[in-house]
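Okay, here's what each chain looks like letter by letter:
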Amino acid sequence: MTDIQIDIRQKVYPAVGQAAPHAAIANFELTLNAGEFVCLVGPSGCGKTTLLNIVAALDQDYDGEIRIDRRQARPKIGYIFQNPRLLPWRTVRENIELVLQGRDAAETVDFMLETMQLTRFQHVYPERLSLGMSRRVAIIRAFAIDPELLLMDEPFVSLDPPTARQVRELLLELWRKRPHTVLFVTHDLREAIALADRLIFLSPSPMSIAGDIRVSIPRHLRQDETEIEAFRRQLLDGAPHIKQLL
Amino acid sequence: MSKLQNFFPALSLAVFLAAWQGVALVLDSTLLPSPVIVAGVFWLELVSGQLAYHLGTTLIRLIVSFTIAMLLGSAIGLALGRNKNLDAFFDNWLVIFLNIPALVTIILCYVWFGLTETSAILAVVINKLPNVIVTIREGARALDQDLLDMARCYRLNRLNTLRHVIWPQLHPFMMSATRSGLALIWKIILIVELLGRNNGVGFQLHLYFQLFDVASILAYSIAFVIVIQGIEHTILKPLDKKSQRWRR
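If you're wondering where the values come from, they're calculated on a predicted model, not measured in any experiment.

I'd like a description of the packing of helix α6 (residues 102-113) of chain B against helix α9 (residues 158-196) of chain B, backed by residues and values.
Residue and element names in this part refer to chain B. Between α6 and α9, the shortest axis-to-axis distance is 10 Å and the interhelical angle comes to 40°. Classified by the angle between their axes, α6 and α9 sit oblique to one another. As α6 packs across α9, the resulting crossing turns out to be right-handed. Along its contact with α6, which presents Ala102, Leu103, Ile106 and Tyr110, the element α9 presents Ile188, Ile191, Val192, Leu195 and Gly196. When the residues that make up the contact of α6 with α9 are grouped by side-chain class, the tally is 8 nonpolar, 1 polar and no charged.

The structure is reproduced here in structure tokens:
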């Protein structure tokens, strides 16, 4: 596994009509250590998705570079979008197999389907799945390619709390079995504390890093809401500038 | 659909034939032969092999020109739909070609390239091509950018992206271009054959027009309608059904 360096000096959206050019990101430098689960926490609209799109090379109009172990390169990326982006004309299994592009990984896919409790639905078309199930398929698809970096853009947004919790636990179970470096975007601090090794707080306009904090709660205690709440309170009390951002 | 509704297509055909027979009996004119007479002529042409020969010739022209127009039109339409500069460059030409009367293209092709098979096919392709381009261009403009980004992010190769991400989205537009294409092309082919070929349904219609043989004209027209209906029910509809099976 490899370290990944994100160095974005500037990302500017050009002027459109009456609107002036808008600097979305400035002086953003972040190193993701191999196997680390990093959560980016920031207010809505601060540029988190823009950052993920740059890292995924979907947006190449910026000043900066993405490096793997200090070499300029494009990491192999598994991206879990806010909207699952499954192909509606392919079944659950076909959606996963498509990104494998002919690589024989039937056993891996079976294992992941089982871990995410989707074996029964592998031959079903996405239109017949709930949003929570579609998100789980998107998670499997991202893990299946054995990526160097997993990007997750608020993958539990608009799920009801029990479903979000279930999908979160399944995600963690899969991640424990197949550890990858993760960059996870959220605006929910409790969710971030439950998942992350490290929290990166973002300030908006233009987006930059306002805080970099390691989560000290042992992983086996992360399901305990009181532990998470205590850590959250301690964090916010000790860092008023972060409290202001959220 | 209720059981009664299943019989409606056959019922409407029977009503039409009965009305035709009735009007033909009342008029008692060679300008409107009865369905029975037309059926007789149809049978004679069929057993003589003339119908199969001329219909087959026209069908081959239809298949060749349709295939060229669809392949070329899809490629150009996709390129124009995805590239704004290319679209701006060719847009006016597309409108011009859409509005050139079919007869003008056919005559010019025959004048410039001679009364040959190539000219005939070229004339049909030129007439159909703009329609395919416009339809597929709309489809390409409507492609879901989120799915294309997903394909890019997961590094799907070009072939897989085209086959599994783009093509299924273009399918409704392709079907629309196919149906309108068949309807348009066979009408143009008949004119092409009428003006410059010595075989095919168009040539036969021209011959029977000179002889004022309305029964034969109707027999050949009906034969072609049957073939087009056959294509619709044996190829297009099953294809449509298969490709749309994922919908609820």
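Once the structure has been displayed, the description carries forward.
Talk me through the interface of chain B and chain A; I want residue IDs and the actual numbers.
With 16 residues of chain B at the interface, the matching set in chain A holds 17 residues. The set of elements that each furnish at least two residues to the side of chain B that touches chain A consists of α8 (145-153) and α9 of chain B. By residue number, the principal contributor to the side of chain B that touches chain A is α8 of chain B, which donates 6 residues.

Give me the lowdown on the packing of helix α10 (residues 201-210) of chain B against helix α11 (residues 214-243) of chain B, citing residues and values where you can.
All names here are of chain B. At a minimum axis separation of 9 Å, α10 and α11 run at an interaxial angle of 160°. In this view, α10 runs roughly antiparallel relative to α11, as classed from their interaxial angle. Considering only the axes of α10 and α11, their crossing is left-handed. Across from Val201, Gln204, Leu205, Tyr208 and Phe209 in α10, the residues of α11 making contact are Ser216, Ile217, Tyr220 and Phe224.

I'd love a proper account of unusual backbone geometry, names of residues and values included.
Residues and elements named next belong to chain A. A cis geometry characterises the amide bond from serine 205 onward to proline 206, with omega recorded as -15°. Summarising the element assignment, proline 206 is placed in the loop between β9 (198-203) and β10 (208-214). For asparagine 27, which is not glycine, the phi torsion reads 50° and is therefore positive. Among the secondary structure elements, asparagine 27 is positioned in strand β2 (residues 22-32).

How would you summarise the sheet that holds strand β6 (residues 77-80) of chain A if you had to cite specific residues and measurements?
Residue and element names in this part refer to chain A. Strand order in this open sheet of 6 strands is β6-β7-β8-β3-β9-β10, and the pairing throughout is mixed. Both edges of this open sheet fall to β6 and β10, since each of them pairs with a single strand only. For this sheet, the mean angle separating the axes of adjacent strands, direction not counted, is 20°. One ladder, built from 5 bridges, connects strand β3 (residues 37-41) with strand β8 (residues 181-186); its direction is parallel.

About the cut-offs
- Residues numbered from 1 in each chain as written.
- Chains lettered and ligands numbered in written order.
- Predicted model: local features only at pLDDT ≥ 70, side-chain atom pairs only at ≥ 80, totals over all residues.
- Axes fitted to C-alpha atoms, helices over the stretch in contact; angles between N-to-C directions.
- Helix = DSSP H or I, 4+ residues; strand = E, 2+ residues; numbered from the N terminus.
- Parallel < 35°, antiparallel > 145°, perpendicular 65-115°, else oblique.
- Left-handed = near helix turned anticlockwise from the far one by under 90°.
- Contact = placed C-beta atoms within 7 Å.
- Nonpolar A, V, L, I, M, F, W, Y, C, P; charged D, E, K, R; others polar.
- Pairing = 2+ DSSP bridges.

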